[in-house]
Amino acid sequence: MDTYLLDWVNLLLRWTHVITAIAWIGASFYFVFLDNSLHKPTAPDLVQKGVDGELWAVHGGGFYNPQKYLVAPKAMPENLHWFYWESYATWLSGFGLFTVLYLFNAGTFMVDRTVHDWSSGAAVASALGFLAVFWFVYDIICRAFGRKKNGDLIVGACVFVFVVFAAWLACQLFAGRAAFLLVGAMLATAMSANVFFWIIPGQRKVVAQLKAGQPVDPIHGWRAKQRSVHNTYFTLPVLIAMLSNHYGWLYSGEHNWVVLVLLMLAGALVRHSFVARHKALVLGKRVPWEHAMAGVAALLAMVVWLTPKPEPVAPVMAATPPAAAAAAPAAGASPAAAAAGGATAHAVSFQQVKGVIDQRCAMCHSAAMPSKGIAFDSPASIKRHAQQMYQQTVVLKVMPLNNATQITAGERDLLKRWYEEGAPVE
């Protein structure tokens with residue numbers, strides 16, 4: 001029952017996280033598009049009101065005319081919508097999911113003793129440290145170099161180097177799956193912290209200064225814009241880091257940190273391509289698709305690099321000659337063996353498969369602990385879940401989780417051949 005209820009908590013938190021993330025990312029993408037697609041107004045009334053850019057758009061059967069003011073409208077409107085709950089709800093639901101799945105089960109989900117042998121408590125403390133330290137260092141980089149000459153380039157280079165280092169370190173300390181997720185959570189924490197510590201407080205100060213009739217300090221607008229742009233570049237790297245931890249062949253290799261960095265870099269390049277596209281269309285220039293092409297090239301290179309090498313197939317014992325088979329009962333063979341003499345022989349016996357399952361899978365998939373509702377307690381149950389076992393253990397190589405039971409490549413191959421023979425349980 002506890003496992004069943006935990007699965008419901010997992011599902012509902014994950015659902016909430018996806019919904020709020022869609023809302024936050026959608027708003028972020030829209031406002032970045034809007035900022036880069038505005039045209040200078042020509043109508044005298046708009047210029048007089050202080051409108052710095054406008055856009056005409058059609059959607060859902062209606063026409064829209066969003067306008068952006070250089071600083072703020074002359075009269076502050078009564079109803080002002082603030083975009084921040086999307087960010088906060090996404091982070092809170094994500095951290096809740098991370099807590100339920102990983103922090104509460106660190107010994108299973110975060111610790112892989114073949115990677116780094118340490119306690120669950122140390123792994124939890126270090127994971128939380130990753131979230132806090134990355135934000136602290138990233139924020140220092142932005143404040144120290146952001147307003148210098150070529151500040152955007154310097155900040156971008158420094159943050160990239162630090163992300164690469166964090167990805168490498170995470171993959172040296174944590175199980176591959178946890179390392180990929182943790183790096184994504186690290187970037188997502190910085191995104192939400194940008195909103196919480198700088199973007200919203202800066203906007204509140206601007207509104208307060210306008211209402212008080214005081215001159216507006218431009219640093220607030222500049223900083224909010226800087227952090228908003230960073231957030232849009234973090235978005236696709238965060239998404240791929242979150243998604244990739246479901247694919248064991250990505251994070252289980254020796255150089256998994258390189259795979260993670262290349263995946264995130266490809267996402268950032270594709271995102272930059274769309275940001276640059278919006279600007280190019282407004283200016284009437286060529287759309288610079290080469291950034292997206294570079295991202296796709298990185299993905300294709302990984303497809304080739306990570307292509308599984310053919311595994312040697314274990315030789316199948318030759319069938320017993322008919323004469324020997326006929327003589328077997330006289331030599332003292334069991335009645336069961338004699339009865340099987342005329343049956344179709346399989347390269348892999350069910351007893352071999354059962355031995356692997358008992359040793360590598362049953363600790364989490366039994367009547368006592370039916371993780372995900374799957375128990376391998378009987379031949380019928382094993383047959384019923386054979387396809388799921390094949391998908392998770394052979395194709396994706398996700399199970400056993402973090403390879404906690406040390407299943408071997410030969411045992412995976414045995415399960416593969418058994419499944420391809422029709423998963424016999426006789």
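Note that the structure is a prediction, hence the values are computed from the model and not measured. (Residues numbered from 1 in each chain as written. Predicted model: local features only at pLDDT ≥ 70, side-chain atom pairs only at ≥ 80, totals over all residues. Heavy atoms only, no water.)

**Brief notes about the overall build of the protein**
A count of helices and strands for the protein gives 17 helices and four strands. Relative to the compact-globule value of 22 Å for 426 residues, the protein shows a C-alpha radius of gyration of 29 Å, a clear excess of over 25%. Principal-axis analysis of the C-alpha atoms gives the protein an extent of 110 × 45 × 45 Å. Counting only contacts in the protein whose residues sit at least 6 apart along the sequence, the fraction spanning at least 24 positions is 67%. For the protein, the exposed surface amounts to about 24,000 Å²; the carbon and sulfur share of it is 67%. (Helix = DSSP H or I, 4+ residues; strand = E, 2+ residues; numbered from the N terminus. Rg over C-alpha atoms; globule rule 2.2 N^0.38 Å. Contact = heavy atoms within 4.5 Å. Areas by Shrake-Rupley, 256 points an atom, 1.4 Å probe, with all protein chains shown as cover.)

**Focus: the UniProt feature "transmembrane region" (unreviewed entry) in the protein**
Mapped onto this structure's residue numbering, the UniProt feature "transmembrane region" (unreviewed entry) falls at residues 12-33, 83-104, 124-141, 153-175, 181-200, 233-251, 257-275 and 287-307. Note that residues 124-141 is 100% helix and 0% strand, and that its end C-alpha atoms are spaced 26 Å apart. (UniProt positions renumbered as here; feature names shortened; annotations may be inferred.)

**Considerations on the UniProt feature "domain: Urate oxidase N-terminal" (unreviewed entry) in the protein**
Per the UniProt entry, the sites bearing "domain: Urate oxidase N-terminal" (unreviewed entry) are residues 4-306 in this numbering. As annotated, residues 4-306 comprises 73% helix and 4% strand, and the C-alpha atoms at either end are separated by 36 Å.

**Here's the deal with the packing of helix H7 (residues 176-211) against helix H8 (residues 218-244)**
It is at 8 Å that the axes of H7 and H8 come closest, and there the two elements cross at 160°. On the basis of the axis angle, H7 is roughly antiparallel to H8. Once H7 is placed against H8, the crossing between them reads as left-handed. (Axes fitted to C-alpha atoms, helices over the stretch in contact; angles between N-to-C directions. Parallel < 35°, antiparallel > 145°, perpendicular 65-115°, else oblique. Left-handed = near helix turned anticlockwise from the far one by under 90°.)

**Things to note about helix H5 (residues 120-145)**
For H5, which comprises 26 residues, the first-to-last C-alpha distance of 37 Å matches the rise-based estimate of 38 Å (1.5 Å per residue) to within 8%. Buried residues belonging to H5 abut helix H3 (85-101), helix H4 (106-109), helix H6 (151-173), H7 and H8. (Expected span 1.5 Å × (residues − 1).)

**Quick notes on the nonpolar core**
If you look at the biggest cluster of nonpolar residues, it comprises 64 residues, and the most contacted ones within it are Met110 and Phe174. Elements that contribute at least two residues to this core include exactly H3, H4, H5, H6, H7, H8, helix H9 (248-251) and helix H10 (256-283). Dropping the residues within four chain positions of it, Phe174 is found in contact with Met110, Val115, Trp118, Ala123, Ser126, Ala127, Phe130, Ala179 and Leu182. Counting residues in hydrophobic clusters, the runner-up holds 18 residues, among them Val348, Ile407, Leu415 and Trp418. (Core = buried A, V, L, I, M, F, W, Y, C linked by side-chain atoms within 4.5 Å. Buried < 20%, exposed > 50% of the residue type's maximum accessible area, 1.4 Å probe, protein only.)

**Here's the deal with the packing of aromatic side chains**
As enumerated under the stated definition, the model contains 23 aromatic pairs in all. Ring centres of Tyr30 and Phe33 lie 6.2 Å apart, and the angle between their planes is 45°; on these two criteria the pair is classed as tilted. Placement of the pair is Tyr30 and Phe33 together in helix H1 (residues 2-37), with a separation of three residues, close to one helical turn. Between Tyr102 and Phe109, the aromatic rings sit 5.5 Å apart at their centres with planes inclined by 65°, giving edge-to-face as the arrangement. When its relative accessible area of 3% is taken as the criterion, Tyr102 is described as buried. We classify Phe109 as buried; its relative accessible area is 18%. Among the aromatic side chains, those forming a connected cluster through ring pairs are Tyr84, Trp85, Tyr88, Phe134, Trp135, Tyr138, Phe162, Phe196, Phe197 and Phe234. The ring of Trp222 has Arg147 lying over it, and the distance from NZ or CZ to the ring centre is 5.1 Å. (Phe/Tyr/Trp six-rings, centres within 6.5 Å; stacked < 30°, edge-to-face > 60°. Lys NZ or Arg CZ within 6 Å of the ring centre and 35° of its normal.)

**Some remarks on the pattern of salt bridges**
Enumeration over the complete set of coordinates arrives at 11 salt bridges. With its nearest N and O atoms 2.5 Å apart, the salt bridge here joins Asp52 to Lys40. In this pair, Asp52 is assigned in strand E1 (residues 51-54) and Lys40 in the loop between H1 and helix H2 (44-49), connecting sequence segments 12 residues apart. By relative accessible area, Asp52 is classed as partly exposed at 27%. (Salt bridge = Lys/Arg side-chain N within 4 Å of Asp/Glu carboxyl O.)

**As for the environment of Thr3**
With respect to the secondary-structure elements, Thr3 resides in helix H1. Sequence spacing of Thr3 and Asp139 is 136 residues, and the spatial spacing of their C-alpha atoms is 40 Å. Apart from residues lying up to four places away in sequence, Thr3 is in contact with Pro370 and Ser371.

**Digging into the packing of H5 against H8**
The contact between H5 and H8 brings their axes to 12 Å, and the two run at 130°. On the basis of their axis angle, the class for H5 and H8 is oblique. Judged by the twist between their axes, the crossing of H5 over H8 is right-handed. Counting all contacts with H5, which are made through Trp135, Tyr138, Asp139, Cys142 and Arg143, the residues of H8 involved are Gln226, Arg227, His230 and Phe234. Its residues assigned to classes, the contact of H5 with H8 shows four nonpolar, two polar and three charged. (Nonpolar A, V, L, I, M, F, W, Y, C, P; charged D, E, K, R; others polar.)

**Let's talk about H10**
Taking 1.5 Å of rise per residue, the 28 residues of H10 would be expected to cover 40 Å, and the 41 Å separating its terminal C-alpha atoms lies within 8% of that figure. Once H10 finishes, Gly284 follows within two positions and takes phi at roughly 70°, a positive value.

**Some points on a nonpolar patch on the surface**
The grouping of Tyr4, Leu5, Trp8, Leu11, Leu12, Trp15 and Ile19 at the surface amounts to a nonpolar patch, some 760 Å² of accessible area in total. Position of Trp8 among the secondary structure elements: in helix H1. You can call Trp8 partly exposed: its relative accessible area is 41%. (Patch = residues over 30% accessible without salt bridge, like charges linked within 9 Å, V, L, I, M, F, W, Y side chains within 5 Å.)

**Thoughts on the environment of Asp358**
Structurally, the position occupied by Asp358 is in helix H14 (residues 350-360). Considering only alpha carbons, one finds Asp358 and Phe376, 18 residues apart in sequence, at a separation of 8.2 Å.

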